[in-house]
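Analysis of the macromolecular model
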Amino acid sequence: MERIVAVECFADQYFFGKLLQNEKKIRKEKNKNEVIKAFGRVKEEFLVGIVDEDRKDLILHPQLKTFELIKKGNSFKIYKDKTKYHFIFALCPKAFEYWLFQFLEIQNKNLEEFQYINFETFKKETKNEQIDKDFKFKNLVSHIIKTYPDSDNHIKDFKEHIDYLISETYKFE
């Protein structure tokens, strides 16, 4: 079972590969629309898409008309296709970068501790195709991966939900 989690960008690919402890589960798509189109390409196979909820029209996409909301949290929503084993995690309230930033805020940390000038610079730098080689981003991700299990937070909650889906795949209830 490889490439069962579709993501929007290179930063997502790196982070979620580390979070799931298996980069081979991640399939990098070109953008949010391509993540959504991936459900059509895999047909009946199991697939989880992870997208930013930075547009309120996400679930209005014609290809997602068979999806329904099954969990709504403060930092992500989960949608499931009514007939297939297709799931979408929508990171909210905005985008992936903000989602990581929220975690740092919970820990009373800031981006400057990871050598980012500010949030706008961080957002811009995460768009780089070579983000997996950027020492600042790798250091930030390493910190998150090491520390998220130690407290209640949205990344820990997300990890529990996605691990459940991946382990149960076609047995999901």
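See above for the structure.
Residues numbered from 1 in each chain as written. Predicted model: local features only at pLDDT ≥ 70, side-chain atom pairs only at ≥ 80, totals over all residues. Heavy atoms only, no water.

Structural notes on the overall build of the protein chain
In terms of helices and strands, the protein chain carries six helices and six strands. Its C-alpha radius of gyration of 16 Å places the protein chain within 12% of the 16 Å reference for a compact globule of 173 residues. Each principal axis of the C-alpha atoms in the protein chain carries an extent, and together these give about 45 × 30 × 30 Å. Relative to its full complement of 173 residues, the protein chain shows a buried share of 47%. Put simply, of all contacts in the protein chain between residues at least 6 apart along the chain, 55% involve residues at least 24 apart. Carbon together with sulfur atoms contributes 48% to the accessible area of the protein chain, which is approximately 9100 Å² in total. Between the centroid of the 32 positive side chains of the protein chain and the centroid of its 30 negative side chains there is a distance of 3 Å. (Helix = DSSP H or I, 4+ residues; strand = E, 2+ residues; numbered from the N terminus. Rg over C-alpha atoms; globule rule 2.2 N^0.38 Å. Buried < 20%, exposed > 50% of the residue type's maximum accessible area, 1.4 Å probe, protein only. Contact = heavy atoms within 4.5 Å. Areas by Shrake-Rupley, 256 points an atom, 1.4 Å probe, with all protein chains shown as cover. Lys, Arg positive; Asp, Glu negative; His and termini not counted. Charge placed at Lys NZ, Arg CZ, Asp CG, Glu CD.)

What about helix α5 (residues 135–147)?
For α5, spanning 13 residues, the distance from its first C-alpha to its last is 18 Å, which sits close to the expected 18 Å at 1.5 Å a residue. Along its buried surface, α5 packs onto α1 (10–19), α3 (96–106), α4 (119–125) and α6 (154–168). Taking the backbone nitrogen of Lys136 as reference, a side-chain oxygen 3.0 Å away marks Asp134 as the first, capping residue of α5. (Expected span 1.5 Å × (residues − 1). Polar contact = N/O pair within 3.5 Å; in protein donor to acceptor, adjacent residues only side chain to side chain.)

What to know about the environment of Cys92
Residue position: Cys92 is located in the loop between β6 (86–91) and α3. In contact with Cys92, not counting residues within four places along its chain, are Glu53, Gly73, Asn74, Ser75, Phe76, Lys77, Trp99 and Gln102.

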